[in-house]
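# Fold and contact review
Residue strings, one per chain:
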There are 2 protein chains.
Amino acid sequence: MTPREPRLTELALIRALRERARQAPGVRVGIGDDCAVLEAPGGGLLLATTDLLIEDVHFRRRYAEPADIGWKALAVNVSDIASMGGRPRWALIALACPASTTMDEVEAFYEGIHALGDEHDVSVVGGDTSASPAGWVVNITLLGEATGAPILRSGARVGDMIAVTGDLGRSAAGLAVLERREAPARVPAEALAVVTAAHLRPRPRVKEGRWLAAAGGVTAMIDLSDGLATDLRHVAEESRAAARVDLGRLPIGAATRDVAVATKHDAVGWATGGGEDYELLLTCEPSAFERLRSGLGSATGTTLTAIGAMEPGAGGVTFVDADGHAVAVGPGFEHFASGARRE
Amino acid sequence: MTPREPRLTELALIRALRERARQAPGVRVGIGDDCAVLEAPGGGLLLATTDLLIEDVHFRRRYAEPADIGWKALAVNVSDIASMGGRPRWALIALACPASTTMDEVEAFYEGIHALGDEHDVSVVGGDTSASPAGWVVNITLLGEATGAPILRSGARVGDMIAVTGDLGRSAAGLAVLERREAPARVPAEALAVVTAAHLRPRPRVKEGRWLAAAGGVTAMIDLSDGLATDLRHVAEESRAAARVDLGRLPIGAATRDVAVATKHDAVGWATGGGEDYELLLTCEPSAFERLRSGLGSATGTTLTAIGAMEPGAGGVTFVDADGHAVAVGPGFEHFASGARRE
């Protein structure tokens, strides 16, 4: 879980890959956003994203059932499509399991995929299966379509408000509970269920993403996979601006706060750096915020909370306390093993 | 490398997945062919395929350099698009490496991808990178477009001729050389280079696939990834017919025969069961064969060899010797660890 900054050679490699993708035919957006945006044969816009999940890097079999693994592997991809305001359509599933895996476990894995996929009209259209010499390996590629102009990371402007859907830190709270050998004392069972479900079975914000993209006034959007600090830095860097977040305005649920107290963790740290919340982070014109907040609530029941503003600068993110003083927070979630990075 | 027949419950799961995909909106062809064929936003036909390659299941680091791994991981997907007669376009690359991996190795991996990708106008448009607790894991999803009606596995008719491009067994010969601690004696260096290159850097038959699909008269096509016996069985099953192959007509190169003699292997066994040749296997109207053979030769320089015919039956493949007697051959290549299966 030690955050790691990409090395210089790594940044150079990513820059070279981005430059190649930028020049490629039919590529509206290549590397550097949640999805690639491609000019499909026939002229429509296709969204494409891929995520690789590896046992003991992204999940542990001790508490993640096969159905949870399937659900989450699809959910992280669905969330990428949601963050562009798109409609998820077709999934390709690659699965490698140890020889000891039973067919019941494989079936349960697909049941988890279908349980989430059916909610979002996602069809499994292909795949690959293999033996794995070590643990479970899952790769899902998800294709979707852009129903309007996709909302990118790069559209934020100085003066825009920064907002998030739902609440933050729940998944990190769930992970803290799951990683313990026994449940923390003095936390209600419902609170434990809320946070562990948030970690094991995240609910990507597809209808929220589509509503927000269509509503007008949203200038940039990203899903919160690596944590607010890291993901907002992506928005700031891609938009060539800086971001300021008021820590006191971060939406943190009661269950997350209860678990933080019981396990002696910092709920605000989970909210800024925990990652895997799969909420949407967006920027919008200040004049649009109230319309977006109330409209999203009416249309989907999901809250939208203003947490800061875009400022002049070159890609930094500053977190400030109630007195307006800058506070240092960790850069975000990097999974169990050092070195995981999601593009 | 022990071939493994799917268990009954596994077949039931695949059947259920296929049935779901068949009913899904926008899915022209789902699970059960080399690529999914999807109705892209805008109305064109999109091809999509994914392949997962795992160290010590699909390759060994002892002889596969990072650039070889990148090349081959892309090649196996490009070959799937080729087998539908399609045009490969965009790749999504997921890579997980052990912590000991150097940036030079990661760069070399991408150089291998670009070396093949540039030959076929394939652009890398997205990806994911991660730590791996064990060895290298590579997943590539490749998107392409159908330039005409995709050629499926299911179109073979009783009486059709069966033919293959290039020659067979080279990759298996290369693997046999690479798996040895020292090069076999009395085999010319050029022969060793031919077979090891076939294994490490296969050349997918894209222009051949497009030419054959456009030429008319080809009724079914598949790429030879799992070996002639297995892949032809797929064609026979999907086409609800049987296949008969004359062993004496299998095209086997001099280098493959030389290596087989020197290593005391059976070149015909490599040709029928070795796998990973990434040649195209097709069926065609008998009256079209000579036109296809000479036309393909003129257009691409690649040979097309008739090896048998489709017969009435329910999915079986029979190999016959010069006297017309049935000969038992292994069902095909299943990688180092039992249980690998490519859909």
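Residues numbered from 1 in each chain as written. Chains lettered and ligands numbered in written order. Predicted model: local features only at pLDDT ≥ 70, side-chain atom pairs only at ≥ 80, totals over all residues.

### Examining the overall build of chain A
Counting its secondary structure elements, chain A contains ten helices and 13 strands. Over its C-alpha trace chain A gives a radius of gyration of 19 Å, about what one expects of a compact globule, namely 20 Å for 343 residues. Projected onto its principal axes, the C-alpha coordinates of chain A cover approximately 60 × 55 × 45 Å. Residues classed as buried in chain A amount to 57% of the 343 residues present. (Helix = DSSP H or I, 4+ residues; strand = E, 2+ residues; numbered from the N terminus. Rg over C-alpha atoms; globule rule 2.2 N^0.38 Å. Buried ≥ 20, exposed ≤ 12 C-beta atoms within 10 Å, placed from the backbone.)

### Looking at the domain arrangement of chain A
Residues and elements named next belong to chain A. Each domain of chain A was delimited in the assignment, giving domain 1 (8–145) and domain 2 (153–327). The gap between the C-alpha centroids of domain 1 and domain 2 is 22 Å. The interface of domain 1 with domain 2 comprises 19 residues on the first partner and 19 residues on the second. Every element with two or more residues in the side of domain 1 that touches domain 2 is listed here: helix H2 (66–83) and strand S4 (87–97). Looking at the side of domain 1 that touches domain 2 element by element, the count peaks at ten residues for H2. The residue inventory of the side of domain 1 that touches domain 2, partitioned by class, reads eight nonpolar, five polar and six charged. (Domains from an automatic or database assignment. Contact = placed C-beta atoms within 7 Å. Nonpolar A, V, L, I, M, F, W, Y, C, P; charged D, E, K, R; others polar.)

### Section: the relation of the copies chain B and chain A
When chain B is fitted to chain A, the residual RMSD is 0.0 Å, and the transformation amounts to a turn of 180° plus an axial shift of 0.0 Å. These values place the two chain copies in the arrangement generated by a two-fold rotation axis. Looking at the rotation axis and the C-alpha trace of chain B, the residue lying nearest is Gly42 of chain B, at 2.2 Å. (Least-squares fit on C-alpha atoms with pLDDT ≥ 70 in both.)

### Focus: H2 of chain A
Since one α-helical turn is 3.6 residues long, residues separated by three or four positions face the same way. Residue and element names in this part refer to chain A. Taking 1.5 Å per residue, 18 residues should reach 26 Å; H2 reaches 26 Å between its end C-alpha atoms and fits that length. Counting buried positions over the 18 residues of H2 gives 18, a clear majority of the element. Once H2 ends, the next one or two residues include Gly85, with phi positive near 75°. (Expected span 1.5 Å × (residues − 1).)

### Brief notes about the environment of Val57 of chain A
Residues and elements named next belong to chain A. Topologically, Val57 is positioned in the loop between strand S3 (45–54) and H2. Given 22 C-beta atoms within a 10 Å radius, Val57 is considered buried. Considered as a pair, Val57 and Val137 are 80 residues apart in the sequence and their alpha carbons are 10.0 Å apart.

### Comments concerning the interface of chain B and chain A
Listed as interface residues are 63 residues of chain B and, on the opposing side, 63 residues of chain A. For the side of chain B that touches chain A, the elements supplying multiple residues, two or more each, are helix H1 (8–23), strand S2 (36–39), strand S3 (45–54), strand S4 (87–97), helix H3 (103–119), strand S5 (123–131) and strand S6 (137–145) of chain B. No other element matches S5 of chain B, which puts nine residues into the side of chain B that touches chain A. In terms of residue class, the side of chain B that touches chain A is built from 33 nonpolar, 18 polar and twelve charged.

### Looking at the pairing of strand S12 (residues 317–320) of chain B
Residues and elements named next belong to chain B. Burial along S12 is one-sided: Val317 and Phe319 are buried, while Thr318 and Val320, pointing the other way, are not. Sheet analysis places strand S9 (residues 242–246) next to S12, joined by four bridges and oriented parallel. For Ala243, the partnering residue across the bridge sits in S12 and is Val317. Pairing of S12 with strand S13 (residues 326–327) involves two bridges; the strand directions are antiparallel. Note on S13: the bridge partner recorded for Phe319 is Val327. (Pairing = 2+ DSSP bridges.)

### Observations concerning unusual backbone geometry
Located in the positive-phi region is Asp56 of chain A, a residue other than glycine, with phi close to 70°. Relative to the assigned elements, Asp56 of chain A resides in the loop between S3 and H2. In the Ramachandran plot, Lys264 of chain B falls in the positive-phi region, its phi being about 60° despite a non-glycine side chain. With respect to the helices and strands, Lys264 of chain B occurs in the loop between helix H8 (254–263) and helix H9 (267–273). Note on Lys264 of chain B: 8 C-beta atoms within 10 Å, which makes it exposed.

### Section: the packing of helix H2 (residues 66–83) of chain B against H3 of chain B
Packed helix pairs are specified by the crossing angle of their axes together with the interaxial distance, meaning the distance between the axes. All names here are of chain B. At a minimum axis distance of 6 Å, the contact between H2 and H3 shows a crossing angle of 40°. With respect to the hand of their crossing, H2 and H3 are arranged in right-handed fashion. Each of Pro66, Ala67, Asp68, Ile69, Gly70, Trp71, Leu74, Ala75 and Val78 in H2 lies in contact with H3, whose residues at this interface are Glu105, Ala108, Phe109, Tyr110, Glu111, Gly112, Ile113, Ala115, Leu116 and Gly117. Of the residues in the contact of H2 with H3, the class split is 13 nonpolar, three polar and three charged. (Axes fitted to C-alpha atoms, helices over the stretch in contact; angles between N-to-C directions. Left-handed = near helix turned anticlockwise from the far one by under 90°.)

### Quick word on the sheet that holds S9 of chain B
Strands pair in a sheet through their backbones, by hydrogen bonds, and they do so in one of two ways: parallel or antiparallel. All names here are of chain B. Spatial ordering of the open sheet is given by S8-S10-S7-S11-S9-S12-S13, a layout of seven strands whose pairing is mixed. Edge positions in the sheet fall to strand S8 (218–223) and S13, since each has one partner strand and no second. The strands that helix H10 (residues 289–300) touches are strand S7 (161–165), S8, strand S10 (280–284) and strand S11 (304–311); relative to S11, the one it contacts most, it runs at about 155°.

### Structural notes on the sheet that holds strand S10 (residues 280–284) of chain A
Residues and elements named next belong to chain A. Spatially, S8-S10-S7-S11-S9-S12-S13 is the arrangement adopted by the seven strands of the open sheet, whose pairing is mixed. In this open sheet, the two edge strands, each paired with only one partner strand, are strand S8 (218–223) and strand S13 (326–327). Bridge analysis of strand S7 (residues 161–165) against S10 gives four bridges, and the strand direction is antiparallel. If you follow Ile162 over to S10, its bridge partner there is Thr283. Helix-sheet contacts for helix H10 (residues 289–300) involve S7, S8, S10 and strand S11 (304–311), and the interaxial angle to S11 is about 155°.

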